[in-house]
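# Notes for the structure review
Here are the chains, one letter per residue:
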Amino acid sequence: MPKITFILNGREKSVDAEPDQTILEVAQANDIPMENACGGNGFCMTCKCHIRKGAENLSPLNEREEAMGVGGDERLGCQATLKGDVTVEPEAA
Ligand code: FES
């Protein structure tokens, strides 16, 4: 079972997740604050996260993320799905 560690205001919180859930879905299921102005449709960037560990355990960048110019350690929380453990720091919470 994948695990996400969220970094929020410098503090870490780890929660269990199901494979292929998005980062945003896991955040919402665990009352982790994560902005999602477009409702998880990949158009607003408010769910943008910095991946601190485990980027290889996420789905590859998809077309929406590429269209929004996401790159480097950034991923959209509503688009990146889990394959294994990751540590993420939401940009806006
Ligand atoms: S919630 Fe809008 S891009 Fe992810």
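Definitions and limits used
Residue positions within a chain follow its written sequence, with the count starting from 1. Under the rules for a predicted model, residues below a pLDDT of 70 receive no local features and side-chain atom pairs below 80 are neither given nor counted, while totals for whole chains, interfaces and linings still include all residues. Paired strands, as defined in this entry, are two strands with at least two bridges between them according to DSSP. The helix and strand labels rest on DSSP assignments: H or I over at least four residues marks a helix, E over at least two residues marks a strand, and numbering proceeds from the N terminus. Axes here refer to lines fitted to C-alpha atoms; in helices the fit is confined to the stretch in contact. Angles between the N-to-C directions go from 0 to 180 degrees. Buried Ala, Val, Leu, Ile, Met, Phe, Trp, Tyr and Cys residues whose C-beta atoms connect them within 7 Å together make up a nonpolar core. Our exposure labels follow a C-beta count within 10 Å of each residue's own C-beta, placed from the backbone: buried means 20 or more other C-beta atoms, exposed means 12 or fewer, and partly exposed covers the counts in between. Each residue gets a C-beta atom placed from its backbone, and two residues are in contact if those atoms lie within 7 Å.

### Points about the sheet that holds strand β4 (residues 74-76)
The sheet built from five strands is open, its strands ordered β2-β1-β5-β3-β4 with mixed pairing. In this open sheet, the two edge strands, each paired with only one partner strand, are β2 (11-16) and β4. In this sheet, neighbouring strand axes are inclined to one another by 35 degrees on average, regardless of whether the strands run parallel or antiparallel. Bridge count between strand β3 (residues 48-53) and β4: three bridges; the pairing is antiparallel. Across the sheet, residue Cys49 finds its bridge partner in β4, namely Arg75.

### Topic: the nonpolar core
Grouped together as the largest cluster of nonpolar side chains are 18 residues, with contacts concentrated most on Ile4, Ile23, Leu24, Ala27, Cys47 and Val88. Elements with a minimum of two residues in this core: β1 (3-8), α1 (23-29) and β5 (86-90). Examining the composition of this core, we find that four residues originate from one element, α1, more than from any other. Apart from the residues lying within four places of it in its own chain, the contact partners of Cys47 are Leu24, Met34, Glu35, Asn36, Leu76, Gly77 and Cys78.

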